[in-house]
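# Working through the structure, step by step
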Amino acid sequence: MTQSQIIENTKSFVKQTLQHAEGGHDWFHIQRVYNNAKLIAETENADLFVVELGALLHDIADSKFHDGDETLGPKIASEFLTTQEVPSAVITHVVNIIENISFKGGNEEQQFTSLELDIIQDADRLDALGAIGIARTFNYGGFKERALYDPQIKPDLAMSKETYKASTAPTINHFYEKLLLLKERMNTESGRKIAEERHRYMEHFLEQFYAEWKGEK
């Protein structure tokens, strides 16, 4: 089986698996991350096969929707790639990417590094920024029945991984606890350039949000 056939099979597998996923973590999110990852990879000396597979499978079973189980996604990805006769070294690399791609709170150390992970992580983080990032944030907040904003509940920038995962804070807090931190955490020059513009867009949104909240506009 050729690499291009494996990629097409992976796309079909992911589409089928995520057909009922929450709107911010569905096939269209995967597609955007996949396209961003390929764009960034054009300026990096990376293994494109690993980048494509990692991008396609990075959210195949997001722990947020599986009772916090962080082992399910890597397991599903590994089992699928084995059926596609993907080399074991590639499967291991993709599994490591899935296990380490997510933002887990401000104090969590990443346990694995590679250029391919850097690229996919940037692509995933870009989808959490800008207009789409804002839309995804409020979509997930609604999915979790969270308040839009509560001035009495301040953002917590010192959360542990466990606290971050268990947080029920208002949606606006998420901008400060994650989204506005991402610009400084981009790994590649291409990712940083795109993140700058999307970061500014979110800052303007927040200014408008607070003005409307206070009845100033």
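Residues numbered from 1 in each chain as written. Predicted model: local features only at pLDDT ≥ 70, side-chain atom pairs only at ≥ 80, totals over all residues. Heavy atoms only, no water.

As a further point, take helix α6 (residues 115-126). Over its 12 residues, α6 extends 17 Å from the first C-alpha to the last, a length consistent with the 16 Å expected when each residue adds 1.5 Å. By the criterion of burial, α6 is predominantly enclosed, with 10 of the 12 residues buried. Along α6, the residues that are buried comprise Glu116, Leu117, Ile119, Ile120, Gln121, Asp122, Ala123, Asp124, Arg125 and Leu126. Packed against the buried residues of α6 are α2 (27-41), α3 (48-57), α5 (88-100) and α10 (189-213). (Helix = DSSP H or I, 4+ residues; strand = E, 2+ residues; numbered from the N terminus. Expected span 1.5 Å × (residues − 1). Buried < 20%, exposed > 50% of the residue type's maximum accessible area, 1.4 Å probe, protein only. Contact = heavy atoms within 4.5 Å.)

Residues with a pLDDT of 70 or more make up 94% of the chain, whose mean pLDDT is 91. Within the chain, the element-level pLDDT minimum falls on helix α8 (residues 161-166), averaging 74, and the maximum on α3, averaging 98. (pLDDT = per-residue confidence, 0-100.)

What follows is about the side chain of Thr171. Positionally, Thr171 belongs in helix α9 (residues 171-177). With residues up to four places along the chain from it excluded, the contact list for Thr171 reads Thr137, Phe138, Gly141, Arg146, Ala147 and Leu148.

The backbone of Glu85 sits at a positive phi, close to 60 degrees, despite the residue not being glycine. With respect to the helices, strands and loops of the structure, Glu85 is situated in the loop between α4 (72-83) and α5. By relative accessible area, which is 65% here, Glu85 ends up exposed. At Glu145, a residue that is not glycine, the phi angle is positive and equals roughly 55 degrees.

Contact pair α3 / α5: the axes reach a minimum separation of 9 Å and the direction vectors enclose 45 degrees. Classified by the angle between their axes, α3 and α5 sit oblique to one another. In this structure, α3 meets α5 at a crossing whose hand is right-handed. Across the interface between the two elements, Phe49, Val50, Leu53, Gly54 and Leu57 from α3 touch Val90, His93, Val94, Ile97 and Ile98 from α5. (Axes fitted to C-alpha atoms, helices over the stretch in contact; angles between N-to-C directions. Parallel < 35°, antiparallel > 145°, perpendicular 65-115°, else oblique. Left-handed = near helix turned anticlockwise from the far one by under 90°.)

Quick look at the side chain of Lys11 now. Tracing the chain through its elements places Lys11 in helix α1 (residues 3-17). With sequence-adjacent residues up to four places away left out, Lys11 is seen in contact with Trp27, Tyr34 and Leu56.

For the rest of this paragraph, the subject is the environment of Tyr164. Summarising the element assignment, Tyr164 is placed in helix α8. On the basis of relative accessibility, which here comes to 14%, the residue Tyr164 falls in the buried class. Spatially, the C-alpha atoms of Tyr164 and Met186 are 20 Å apart, while their sequence positions differ by 22 residues.

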